[in-house]
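So the chains spell out like this:
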Amino acid sequence: MRLAEIDRGDSLGNRLLIHFISLVSGMRLPDAARAAFYHRDFLGILGEWTQVAMRDPSQWSVGERELMAALVAKWNSCAFCVGAHRATSARGLTRATVDAALADYHTAPLPLGLIATLGFLEKLTRTPDDVSAADAAAVLQAGVTREALTDAVAVATVFGVITRHADTLKFALPTEAEFDKAADMLLRRGYA
Amino acid sequence: MPTEKADHRALAARLEQRVFAEPAETPPQLRQDMGRRAAGGPPIAPPYDDLARQIGAAAYRVTDAQMAAVRQLAGSDRAAFELVAAAAVGAALERWKAGLAAIDEASLP
């Protein structure tokens, strides 16, 4: 069920901002952005962490982190977030690579450390109780540092929240062309 | 390339503190209950139980009826949003903690 207040904005400033961005971008501002603007006093910290996880310096490129987000969305069956982060990731990794990874990341043309990391994130997303130190050690043995693996787990965590919001609050699904436009916004403006 | 290290642990702690401990529209205890239930914890009172469990296990299967029941009892969009966020954050931070524990305990041969 959608919440009307998220749709229209919860302050005059946010209503104007939603209207302005929609006008300038030539598309309805996606619900993920409307939700990020909503009740910021309560959940603004999620946007702050998402910005750090997705855009701050890391051993993972922005495209690789966007791919992790797209895959977390796939494992959580969140069509909105798959569409948004597939489009954004493709700007860094090519559409063919991203689509191959979404079909089966084990066989996609990705660095071995990234494939090992995605295996860890999949288990953490689907069956967190089964994740063990041996799983993490296997990723470290593939050449991934603890810091990089922690960065990846942070991406999976913030998208563990965002995918649940998208599905529970029934975010409207943009077209593929609109997702491409929104990818520009996510790369230019970020998440905070 | 700059290499300043992101402090994810501090950000996770701030998220947990804000969503589960600090004052908002809804009582912190109810938000804590939602978060624990979504992370596989014990049942809570209806209609919160059904929504929290569903958000944790498979949010794509949340129905409008499950959400509407909580929205009605919560009394406002803002309160309903807090409860949805509490369930989502509870499920996600459970995974964060499991991931960190595995990384911290992992040893290389």
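For the structure itself, consult the block above.
On a predicted model such as this, the values are computed, not experimentally measured, just so you know. (Residues numbered from 1 in each chain as written. Chains lettered and ligands numbered in written order. Predicted model: local features only at pLDDT ≥ 70, side-chain atom pairs only at ≥ 80, totals over all residues.)

### Comments concerning the overall build of chain B
Threshold: Note on conventions: DSSP H or I runs of at least 4 residues are helices, E runs of at least 2 residues are strands, and numbering of each starts at the N terminus. Every C-beta atom is placed from the backbone, and the number of other C-beta atoms within 10 Å of a residue's own sets its class: buried at 20 or more, exposed at 12 or fewer, partly exposed in between. What counts as a contact is two residues whose backbone-derived C-beta atoms lie within 7 Å of each other.
Per the secondary structure count, chain B includes 5 helices and 0 strands. Listing each helix as α and each strand as β along chain B from the N terminus yields α-α-α-α-α. Considered along the principal axes of its C-alpha atoms, chain B spans approximately 55 × 30 × 25 Å. Burial status across chain B gives 45% buried among its 109 residues. In chain B, once contacts between residues fewer than 6 apart in sequence are set aside, the share between residues at least 24 apart is 53%.

### Here we look at the interface of chain B and chain A
For the record, the criterion: Gly is put with the polar residues, along with every residue not named as nonpolar or charged; the nonpolar set is Ala, Val, Leu, Ile, Met, Phe, Trp, Tyr, Cys and Pro, and the charged set is Asp, Glu, Lys and Arg.
Chain B puts 44 residues into the contact, and the matching count from chain A is 49 residues. A per-element tally of the side of chain B that touches chain A places helix H5 (residues 77-105) of chain B first, with 21 residues. Its residues assigned to classes, the side of chain B that touches chain A comprises 28 nonpolar, 4 polar and 12 charged.

### Some details on the nonpolar core
Short version of the rule: Defined on buried residues, the nonpolar core groups Ala, Val, Leu, Ile, Met, Phe, Trp, Tyr and Cys residues joined through C-beta atoms within 7 Å.
If you look at the biggest cluster of nonpolar residues, it comprises 94 residues, and the most contacted ones within it are Met68, Cys81 and Val155 of chain A together with Ile55 and Ala87 of chain B. Broken down by element, the residue count for this core peaks at 17 residues, all from H5 of chain B. Beyond its immediate sequence surroundings of up to four residues, valine 155 of chain A is in contact with Ala53, Met54, Arg65, Met68 and Ala69 of chain A.

### Points about the environment of proline 43 of chain B
Take proline 43 of chain B: it is sitting in the loop between helix H2 (28-38) and helix H3 (48-58). With 12 C-beta atoms packed within 10 Å, proline 43 of chain B lands in the exposed category.

### Details of the packing of helix H5 (residues 62-75) of chain A against helix H10 (residues 146-168) of chain A
Residue and element names in this part refer to chain A. How we decide: Throughout, an axis means a line fitted to C-alpha atoms (over the contacting stretch in the case of helices), and angles, computed between N-to-C directions, take values from 0 to 180 degrees. An angle below 35 degrees is treated as roughly parallel, one above 145 as roughly antiparallel, one from 65 to 115 as roughly perpendicular, and anything else as oblique. Crossing chirality is assigned from the near helix's rotation relative to the far helix, an anticlockwise turn below a right angle marking it left-handed and a clockwise turn marking it right-handed.
Packing of H5 against H10 leaves a shortest axis separation of 9 Å and a crossing angle of 45°. With respect to each other, H5 and H10 are oriented oblique. Crossing hand, H5 versus H10: right-handed. Here H5 contributes Arg65, Met68, Ala69, Val72 and Ala73 to the contact with H10, which in turn contributes Ala152, Val155, Ala156, Phe159, Gly160 and Thr163. Its residues assigned to classes, the contact of H5 with H10 comprises 8 nonpolar, 2 polar and 1 charged.

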